[in-house]
Amino acid sequence: MSKPDYVEIVEEIFYKTKEKKTEEFKYVGKDVVRWDAISKISGQPVYTADLLRFIKNPVFVYSVRAKYAHARIKGLDVSDALKYPGVLAVLTARDIPGINDVGYVIPDQPLIADRKVRFIGDTVALVVAESLENAREAGELVSVDYEPLKVYLDPLEIIDPETLQEKPHELIHDERGSDILTRYKIRVGDVEKAFKEAAVVVENKYETPFQEHAYIEPEAAIAIPEADGGVTIYAKTQCPFDTRKAVANVLGLPFNMVRVIAPALGGGFGGAEDVGNEIAAKAALAAIRFKRPAVLLHTREESIIGHTKRHRTISWYRHAASRDGTLLGVEAKIILDKGAYASLGPFVAWRAVVHSTGPYKVRNAKVDVVAVYTNKIPGGAFRGFGNPQVTFPVERQMDILAEELGMDPVEFRLKNILRNGDRTVHGQLLDHGVGLEEAIKKAVELSGWYEKRRLYASLKGPVRRGIGIAIFYHGNSIGAEGADYSSVSVIIQRDGSIVFRTGLTDMGQGAIQGLINILAEVLGVPPHYIKVELADTSATPDAGPTVASRSTAMGGNATLVAAYKLRKRLDQLAASLLGCKSPDDVVIEAPKVYCRDDPSHTITWRELVEQAFWKGVPLQEFGYYRAPPAEWDEETGTGAPYFTYTYGAIVSDVEVDLETGLVRVKEATTVYDIGRVVNRTGAELHAIGGYIQGMGYALMEDLYYDSEGRLLNTNLSTYHIPTALDTPEKFNVYFVEAGYYHAPFGAKGLGEPSIVAIAPSIANAVANALRSREANKLVSKHPLTPDYVYSIIKKAGVKP
Amino acid sequence: MVKVSLTVNGVKYDLDVPPTERLLDTLRNRLGISSVKEGCGRGECGSCIVLVNGNPVHSCLTLTSRLDGAEVTTLEGLAPQGKLHAIQVAFIEARGVQCGFCTPGFIMITKALLDRVKEPSEKEIRRWLSSVLCRCGSYPLYFEAVKRAAKYIKEGKIYFDEKEVREKYHLKVLAR
Ligand code: FES
Ligand code: FES
């Protein structure tokens, strides 16, 4: 079977530039000032809520939320609310013209609860009013007759951790007949035998917390009714095409009657994946009904209560190793605390199982991942997507094993990691760039690992220092989750300027800049010729969701393909205009175009474009790329789940105050193998920003519920994220470039990888600082808050 | 309603506002000044910080009705028409901008800091900047931006021509 042309193009460019150093490119890997930097330092970019000033005569939509975490709805009385000044309507489940569901992966989540509520945050009615204040106040008057049901906050009340069987209980999802959402497993080799033969076995229980995205821009949606009965919605969403689908389903409209535009996003981190659907649908419902623009704005509290989180997990890990430090087998049970709805949970659980044994050579594994519903805010997508939750226990286990074996954690890892030509636990052959060894060695060098390990071991006094490493791998893009494609369009205007369109969004981390750099490099034009349009379901091509670290590799490939095809045509034309020997001799260094052997004889880029216009050479191109299909066997957990992996090694250097349990990160070293650096500024910001977000996850972030399922920390004064004062004093950032042949110039993703191994590296550093075998085992969950660390210090009897 | 006369970015406004109206809403909804962001409405995130008579305040916690005669400066008023302030240029050069939602708050707090301390220490920079939250985690680059801005101001380079800045920086390769 012959390869699709887009695969050939990507391969051709990869092999042509394989030996080229990144410094030798013109724009790829350079610090190009991002396309929106000047507007951002001027306060000019338009985030969704900023559009309000252009909107006339709007109605406001407010969500009335459940007061119980688990209850049947026996009745709903909206009459008092309707009488409130300014109120136009109170919409309930009955007012939904299409399907009352916004479930992302499976249809388990009503937009407006009808029969029962499953967490405090479920929407029971929408008040539509002339002002937001009116709508909020009237919301208090909606009275719901609830029949409270037993509230389940702990997944272990629902599932038996021994047998992993569901216990008898009052079902949260009675309509599904079970509160087990999904199960995934790996069954490879002979685990029993491996453990029998092992010289050392290490086992422990681990917990990772919920994490709130806390993007500084709260959610907003503005829906505008269209004359044809359709609707245009501006909304905070990472995935406008998914949002369109959800809205169309709720409204009962064909997709082409719903237009979703994603304005500038003030952060997303995965959180703007499904909440976008919900807020857009709510606003659209009101806009269609009242034929007026409808505005929905979340306060911080509504944001925290109303959007999904990183899943909490509880896990049990057992590792077996031989005396010489070879890993023999892994056994693990991982329970995902799902919260009330599936959201992206099935995919998160799958990513967790795929990565559950870490970037190591493992021949014998028995792993189970189970996602269990509870009456809490649903878990969903968050940078890392199931991988941080398994990398924490795996990397803690590695350090404990190393201690048991009397080995240095780095040496122990180097003995067992995946290298080129190895097979993953799933049996996937790694036939290209595995830069993990190089990443570890570089991280060791940059952090001063060995000197510090030695030095810190001898420090006296109440303030200890510790240094820890954690490594990981992360499958790029969506793998076996679904159809994996991407597309862009590039239109050269008659004046030579360029319009670039893609349905991928920029959450703020600058992924789009990577695409600009690729386009500029291939076409031979400076990046400032290029204008990026907002992702818009009616104007930009569907590029699949902006998730899973796929923009650079997948969007980059589509960009590369479009640019390549345009360039070929223009080279042909330029060769004939200039009389070059062959089209391959054409050099485009816009504004100059010339033949390689005669740089003095030039035409301008604009002249070339003008000639193309008159000679019928098309100046627009569509770029499409489809990833090779992923393979996954449900029974054994084998196959080739992702087409490539990003690798990394993180070293954290911390200070632990034995008298207070307070942990501070002093220095952070991050080394990632991302195949090729395409957007240097963006890559570094990922490395640093991802570290800081991961440090929050490691040290301070968690959700606290009361016994009835009410979230206690619903704002930023109680949900703490790192501030300027928590920022480490020093960052060492380095990139390894072990290219991937099916990616633009070899580039792999960094969006999610940048958070995956931060928490375990910090936990390993804390354990190192405590210098006690017992304490090493006790560091088994995070956040490592002062009281938790202090309790470990006391329990393990660590003395200054 | 309360009558207030207010100078915002050098322009005088005579307003009739409800006694409980927040400065944030006056700026965003009445005057169309959109650099002022609402991230929490509770004085926690700092994305709404503006200068009132030169002092940094959370506009989400400030009532407009109390500001009769006050002078308010937002990011839009940092430099004269057609110019950019050294702090803004420093923020481009330091490469820290990500989603940008926090950026106006950081620039305004930097202005307040540099108005008071010409060459702030690392510790002072961290302390001042800790009043604004950045979830994208750009802090270290923002510290760098403050230091660059201080240097520019010390050299007397306070305003930069906006067109020139655009020419020099918009999608241009930055040297390290
Ligand atoms: S909006 Fe004022 S501090 Fe957050
Ligand atoms: S750049 Fe996104 S919050 Fe700071």
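Residues numbered from 1 in each chain as written. Chains lettered and ligands numbered in written order. Predicted model: local features only at pLDDT ≥ 70, side-chain atom pairs only at ≥ 80, totals over all residues.

### A word on the overall build of chain B
Along its length, chain B carries six helices and seven strands. Across its three principal axes, chain B shows a C-alpha extent of roughly 55 × 30 × 30 Å. Out of the 176 residues in chain B, the part that is buried amounts to 54%. (Helix = DSSP H or I, 4+ residues; strand = E, 2+ residues; numbered from the N terminus. Buried ≥ 20, exposed ≤ 12 C-beta atoms within 10 Å, placed from the backbone.)

### Notes on the domain arrangement of chain B
Residue and element names in this part refer to chain B. As far as domains go, chain B holds domain 1 (2-77) and domain 2 (83-169). Domain 1 and domain 2 are separated by 21 Å when their C-alpha centres are compared. Between domain 1 and domain 2, the residue contacts involve 14 residues of the former and 13 residues of the latter. When grouped by side-chain class, the residues that make up the side of domain 1 that touches domain 2 number eight nonpolar, five polar and one charged. (Domains from an automatic or database assignment. Contact = placed C-beta atoms within 7 Å. Nonpolar A, V, L, I, M, F, W, Y, C, P; charged D, E, K, R; others polar.)

### So, the packing of helix α2 (residues 86-93) of chain B against helix α3 (residues 103-116) of chain B
Residues and elements named next belong to chain B. The N-to-C vectors of α2 and α3 enclose an angle of 130 degrees; their axes lie 10 Å apart at closest approach. If you check the angle between α2 and α3, you find them oblique. Note that α2 runs across α3; the crossing there is right-handed. Along its contact with α2, which presents Ile87, Gln88 and Phe91, the element α3 presents Thr103, Ile107, Thr110 and Lys111. (Axes fitted to C-alpha atoms, helices over the stretch in contact; angles between N-to-C directions. Parallel < 35°, antiparallel > 145°, perpendicular 65-115°, else oblique. Left-handed = near helix turned anticlockwise from the far one by under 90°.)

### Describing the interface of chain B and chain A
Residue-level contacts link 46 residues of chain B with 49 residues of chain A. Counting only elements with at least two residues in the side of chain B that touches chain A, the list comes to α2, α3, α4 (122-129), α5 (139-154) and α6 (162-169) of chain B.

### A closer look at helix α4 (residues 132-139) of chain A
All names here are of chain A. Those residues of α4 lying buried are Ala135, Ala138 and Gly139. Within α4, the buried residues cover an arc of 105 degrees as seen down the axis, which keeps them to one side. Structurally, α4 contributes buried residues whose contacts are with β1 (59-65), α3 (79-83), β3 (87-91) and β5 (123-129). (Arc of directions from axis to C-beta.)

### A few points about helix α6 (residues 240-251) of chain A
All names here are of chain A. Here α6 contains twelve residues, and its C-alpha end-to-end distance of 16 Å stays within 8% of the 16 Å for a straight helix at 1.5 Å per residue. Most of α6 sits inside the fold, with eleven of its twelve residues counted as buried. Looking at the buried side of α6, the elements it contacts are β10 (231-235), β11 (258-261) and α7 (275-290). Gly252, located one to two residues past α6, shows a positive phi value of around 70 degrees. (Expected span 1.5 Å × (residues − 1).)

### A few points about the environment of Pro58(A)
Residue and element names in this part refer to chain A. Looking at the element boundaries, Pro58 is found in the loop between α2 (37-41) and β1. Sequence-wise, Pro58 and Arg292 are 234 residues apart; in three dimensions their C-alpha atoms are separated by 5.9 Å. Contacts of Pro58, omitting those with residues within four sequence positions, involve Arg292, Pro293, Ala294 and Val295.

### What about the nonpolar core?
Residues and elements named next belong to chain A. Ranked by internal contacts, the top residues of the largest apolar core, which has 331 residues, are Val61, Val127, Ala283, Ala284 and Val766. It is helix α15 (residues 551-578) that provides the largest number of residues to this core, a total of eleven residues. Non-local contacts of Val61, meaning those with residues more than four positions away in its chain, are made with Leu126, Val128, Ala135, Lys282, Ala283, Ala286, Ala294, Val295 and Leu296. (Core = buried A, V, L, I, M, F, W, Y, C linked by C-beta atoms within 7 Å.)

### As for the domain arrangement of chain A
Residues and elements named next belong to chain A. Entries for chain A in the domain assignment read domain 1 (5-30 + 485-626), domain 2 (48-149 + 222-297) and domain 3 (383-397 + 407-479 + 637-795). Summarising the inter-unit geometry, the C-alpha centres of domain 1 and domain 3 are found 36 Å apart. The interface of domain 1 with domain 3 comprises 27 residues on the first partner and 30 residues on the second. Counting only elements with at least two residues in the side of domain 1 that touches domain 3, the list comes to α1 (5-17), α14 (511-523) and α15. A per-class count over the side of domain 1 that touches domain 3 returns eleven nonpolar, twelve polar and four charged.

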